[in-house]
Each structure stands twice: as structure tokens, then as C-alpha cells.
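Observations on the three-dimensional arrangement
The residues making up each chain are set out below.
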Amino acid sequence: AMLPLLLPLLPGCDEPAPAPEPQRVVVLISWDTTRADALSCYADTNHWGSQLPAHLHPKPATPVADQLAAGGVRFKWAFASAPTTLSSHTTLFSGQDQYGHRVVRNGYPVPADVPLLTEQLQDAGWQTIGVVGSSALEASMGLSRGFSVYDDPGPQPEGGMYMRNASDVTARALAAVDARTDRDRDLFLFVHYYDPHTPWFTAPPALVSQMAVPGYSGTVDGSMESIARLTQARHTGRMLIDDVRQARALYLAQVAWVDQQTGALIKGLSDRGLTEDALVVMFSDHGESLDEHARYPYSHGPDVDLMNVQVPLIMRGTGTLALTRGTVVERPVRLQDVGSTLLELLEPEASSLGTGEFLGPLWIGQDMPAIPIFAEATKPIAGESKTAWNNMPFERSVIFGGGVLVKTPLAGEGASLYA
């Protein structure tokens, strides 16, 4: 009479195995050097092109990012604390600003005593893969800690920068995903696209033609030589409107190319069944000046104007990682908060990360007290020393709760913009 009750306890009986937990996938996508208003879904924060008539304003083309925003959470005012690649990425991965993690700018390795998001995820059993498009994030700089796979372009050459085309980055990222030996573990995938950074030359010709100024016959071709000529023209107040428009168009073509490749990456993951329980986070490390700044046009490191530190930040989730849909968060936030937010969402039992805030209450409509958000220019034009902070003269800004940016002034402002 007891046999039916004992059968489930006996070895070899056909007791159904417990259903496996769904594999979680987090895709952290970085668009280097992408100002927020280079995305069409950020038209409500556009401060670009105000010197031109409305019909000549730049027209971004980022349908993939727009769809992510429409189906998830868009942070209207997200800010980087430093306008350089390595420092800003370290802020996201550590939950600390540059005074906490001590990475001043490119070329300053991440100190070994700075805990990183990927280390915590790896300790919690996640498989961690990184594929980066620029030697600014080469493995020797230390951001590779905590990644089981870290695919970079190699060491940074003296006086230059290696970069990969966005299509190569996408292909390498999907290949790394396919090469996993343990496909049951949660997956954290970091993909870094460098193409919006100067020089602007990786977007396909068809896309460039689509974005270019109709009938343009000038010398602006996206090369560093043509950008140097534009910079000199800006310094002397002799910029031609068509040259300005073409430079903006070439930059937007690079951003549009990364948008297309982001779509190819997400589709590739979807084709592999990896987007059913997934969180996609798209951000930029810093923005870019494009002719607006009298002293530092076509640059970012030396300045903390709005176009240099306001960045896109979009999150969209599915399955157990689903977020609210079509939500726009108005309260200003920091890249410093992104890593902390991810860790709280993914592994709430893990140790906290840096001093970043958990942003979850914001996308469900709860209030969070506004805090001052600080940024500091980290790239001196002359006299740089790799053994000192030496950002002299400092350029700093602070964003208050209402979105007001106050900046320490530098000389050289006020020159006429166009000839």
C-alpha cells in the first residue's frame, strides 16, 4: 500500500526534473562619442543646429535606438562625468567618478583595487564577454577584468588609435557568443562601437550619400585633415555653412551606421534565441562638439559643455528582465548609476558597486531626490603628464536637479560662428 508513495523517492523513477531557470542575457551596448541629440528619439533635448534656419537643422536617423526607447525606458538627461572614453567607461563599470576610480583619461590603467561590475557578475556565475572597437579600451588598461572573453583591437599606437568598423565588431560579438562552451549560464555581453569618433570614414557610401548635403562640392570628407581645416576656420570665424552642414551629416552617418549595426547585433541574438529573457542597455560614453565651441570644435576631451557630457541612455527588457514600456525619465541621472542599477537588478545579493544610485524607482514613477551631477574635462591640450592629474586650467560643470548646467568659463568664447 505504501509503494505508490515511495516510488518518487526511489532511484531511477521517472520523476519530472524541475524546470530550468531561463537563461538571462544582458547586452550592454556603447556608442562612443555620441551626443544625445544625435539620436532622433532625443529631439526633445535638441540643442544642436540652433544657429541655422530650422530647415537646415541636422536630421538624425536612428530607428533601432528609437524602437528600443519606445519599448523601454529612455533617460532624457543622462550625463557622463568625464568626456573621454576610458575614464567614462570605467565610471559605468565601477559606479565611481574619476576621483573614485582614479582613471583620469585614456592611457591611465584602471587600478587593481577598483571593483568592477563584471567581476561581481562573474563571481555570481555569469559568463562575461566583451568586444570593443577601439584600443582606448585595450585589455592592458584594466577594464577587461571580470571578462571571460575580451576581444580588443590591440595596443594603442603612439600618437594614434586603432579602431574597428562597426560591422566587424558585430560579427566578432556574435562569433564570441557562438563560441561559448557553457550555454546554460546567464550571459553578460558588452559591445563597444567606436565609429562616431573622428575620423568619419566607416559608414557605407550609400548611407553617407543618404545623409550628405545635396550637391555638396566642398572639401569636407571626414578625414582628419579636413576636420583640421574646419577647426582652423572656426577659430578664425570663417566657416562656410555648407561645410558645417556636411561635417554634421558625416557625423550623423557614422551614428546611423552604428544604429544599423546595433540592429544587426540584436537580430543576431534574437535568431539565436537569446532575447526572450534579456535586457538591452544602450549608452554613450560622452558627446562631441561640432562647430559650436569656439575654442574646441570637433573635439570632446577638453570641454564639459552640454554637447560633450549629455549622452543617450536607453534600457529595454523582456521576460523576467522586463521594464516599463515607453517611459521617459525626466530626472537627471549619471553613467555612474548604470553599473549599480544593473547589479541591483541582476544580483541583488551582491555587494554594492561604488556610489552609484539604483535607478529602478524612476521608471515606475517614484520620486528620487535630485542630486548635483558633476563633470570635469580630463584632457589638457598642452603639457599633459601621465604621472599627474594636471587638468589645468580645470573645466568643470555641475547639473542641478532642474537640468540647469553651470560651467566654469574658459577664454576664447564669443567669436562669430559663420563667415
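A brief structural summary.

Attention shifts here to the overall build of the protein chain. Along the backbone of the protein chain there are 12 helices and 14 strands. Relative to its 419 residues, the protein chain shows a buried fraction of 56%. Taking the intrachain contacts of the protein chain between residues at least 6 apart in sequence as the baseline, contacts between residues at least 24 apart amount to 74%. A total of about 17300 Å² of accessible surface is found on the protein chain, and carbon and sulfur atoms cover 57% of it.

Time to look at the packing of aromatic side chains. Taken as a whole and judged by the stated rule, the model has 9 aromatic pairs. Relative to Phe 190, the ring of Phe 147 lies with its centre 6.2 Å away and its plane at 35°, an arrangement referred to as tilted. Of this pair, Phe 147 sits in the loop between strand 4 (127-131) and strand 5 (149-151) while Phe 190 sits in strand 6 (residues 187-193), and the two are 43 residues apart along the sequence. For the pair formed by Phe 147 and Phe 190, the shared burial category is buried. Aromatic rings pair up to connect Phe 93, Phe 147, Tyr 150, Phe 188 and Phe 190 into one cluster. Over the aromatic face of Tyr 42 sits the side chain of Arg 74, whose NZ or CZ is 4.7 Å from the ring centroid.

The next point concerns the sheet that holds strand 2 (residues 73-75). The sheet built from 8 strands is open, its strands ordered 5-4-6-1-7-9-2-10 with mixed pairing. Strand pairing shows two members of the sheet lacking a second neighbour, strand 5 and strand 10 (327-329), which therefore form its edges. Going across the sheet, the axis of each strand differs from the next one's by a mean of 10°, ignoring polarity. Helix 3 (residues 85-94) contacts strand 1 (25-31), strand 6 and strand 7 (278-283) of the sheet and is inclined by roughly 160° relative to strand 6.

Turning our eyes to something else, we now look at the sheet that holds strand 3 (residues 78-79). Taken in spatial order, the 3 strands make up an open sheet running 8-3-11, and their pairing is mixed. Where the open sheet ends on each side, the last strands, each with one partner, are strand 8 (310-311) and strand 11 (333-334). As judged from the 2 bridges shared by strand 3 and strand 8, these two strands associate in the antiparallel manner. Counted as the bridge partner of Phe 79 is Gln 310 from strand 8.

Among the nonpolar cores identified, the biggest contains 55 residues, and Trp 31, Leu 39, Tyr 193, Leu 265 and Ile 314 are the most heavily contacted of them. Of the residues forming this core, the biggest block, 12 residues, is contributed by helix 9 (residues 241-271). Discounting residues that sit within four places of it in the chain, Ile 314 has contacts with Leu 39, Cys 41, Tyr 42, Ala 65, Leu 68, Ala 69, Val 73, Arg 74, Val 280, Val 281 and Met 282. Counting 46 residues, the second largest nonpolar core, distinct from the first, contains Ala 78, Val 110, Phe 147 and Val 311.

With an omega of -5°, the peptide bond between Thr 198 and Pro 199 qualifies as cis. Counting through the fold element by element, Pro 199 comes out in the loop between strand 6 and helix 7 (205-211). Not every positive phi belongs to a glycine, and Thr 33 is a case in point at roughly 55°. In this fold, Thr 33 is placed in the loop between strand 1 and helix 2 (63-70).

This part is about the packing of helix 6 (residues 166-178) against helix 9. The contact between helix 6 and helix 9 brings their axes to 9 Å, and the two run at 15°. Considering the angle they form, helix 6 stands roughly parallel to helix 9. Judged by the twist between their axes, the crossing of helix 6 over helix 9 is right-handed. Contacts between helix 6 and helix 9 involve Ala 166, Ser 167, Thr 170, Ala 173, Leu 174 and Val 177 from the first element and Trp 257, Val 258, Gln 261, Ala 264, Leu 265, Gly 268 and Leu 269 from the second. By residue class, the composition of the contact of helix 6 with helix 9 is 9 nonpolar, 4 polar and no charged.

For helix 8 (residues 224-235), which comprises 12 residues, the first-to-last C-alpha distance of 16 Å matches the rise-based estimate of 16 Å (1.5 Å per residue) to within 8%. Residues Ser 226, Ile 227, Leu 230, Thr 231, Ala 233 and Arg 234 constitute the buried set of helix 8. Looking straight down helix 8, one finds its buried side chains confined to an arc of 160°; they lie on one side. Immediately beyond the C-terminal end of helix 8, within one or two residues, lies Gly 237, with a positive phi of roughly 70°.

Before going further, it helps to examine the pattern of salt bridges. Summed over all chains, the structure comprises 18 salt bridges. Of the charged contacts, one joins Glu 330 and Lys 76 as a salt bridge, the two residues approaching to 3.4 Å between their closest N and O atoms. Of this pair, Glu 330 sits in the loop between strand 10 and strand 11 while Lys 76 sits in the loop between strand 2 and strand 3; the two residues are 254 residues apart in sequence, bridging distant segments of the chain. Given the relative accessible area of 13%, Lys 76 is considered buried. Among the ionic pairs, Asp 178 bridges to Arg 272, the shortest N-O distance being 2.7 Å. You can see Asp 178 sitting in helix 6 and its partner Arg 272 sitting in the loop between helix 9 and strand 7, a full 94 residues away along the chain. The partly exposed category is assigned to Asp 178, whose relative accessible area is 33%. Residue classification places Arg 272 among the partly exposed residues on the basis of a relative accessible area of 35%.

Moving on to the packing of helix 2 against helix 9. In contact at an axis separation of 7 Å, helix 2 and helix 9 are set at 60° when each is read in the N-to-C sense. For the element pair helix 2 / helix 9, the angle class is oblique. Residue-level contacts link Pro 63, Val 64, Ala 65 and Leu 68 of helix 2 to Asp 259, Thr 262, Gly 263 and Ile 266 of helix 9.

Cut-offs applied
- Residues numbered from 1 in each chain as written.
- Predicted model: local features only at pLDDT ≥ 70, side-chain atom pairs only at ≥ 80, totals over all residues.
- Heavy atoms only, no water.
- Helix = DSSP H or I, 4+ residues; strand = E, 2+ residues; numbered from the N terminus.
- Buried < 20%, exposed > 50% of the residue type's maximum accessible area, 1.4 Å probe, protein only.
- Contact = heavy atoms within 4.5 Å.
- Areas by Shrake-Rupley, 256 points an atom, 1.4 Å probe, with all protein chains shown as cover.
- Phe/Tyr/Trp six-rings, centres within 6.5 Å; stacked < 30°, edge-to-face > 60°.
- Lys NZ or Arg CZ within 6 Å of the ring centre and 35° of its normal.
- Pairing = 2+ DSSP bridges.
- Axes fitted to C-alpha atoms, helices over the stretch in contact; angles between N-to-C directions.
- Core = buried A, V, L, I, M, F, W, Y, C linked by side-chain atoms within 4.5 Å.
- Parallel < 35°, antiparallel > 145°, perpendicular 65-115°, else oblique.
- Left-handed = near helix turned anticlockwise from the far one by under 90°.
- Nonpolar A, V, L, I, M, F, W, Y, C, P; charged D, E, K, R; others polar.
- Expected span 1.5 Å × (residues − 1).
- Arc of directions from axis to C-beta.
- Salt bridge = Lys/Arg side-chain N within 4 Å of Asp/Glu carboxyl O.

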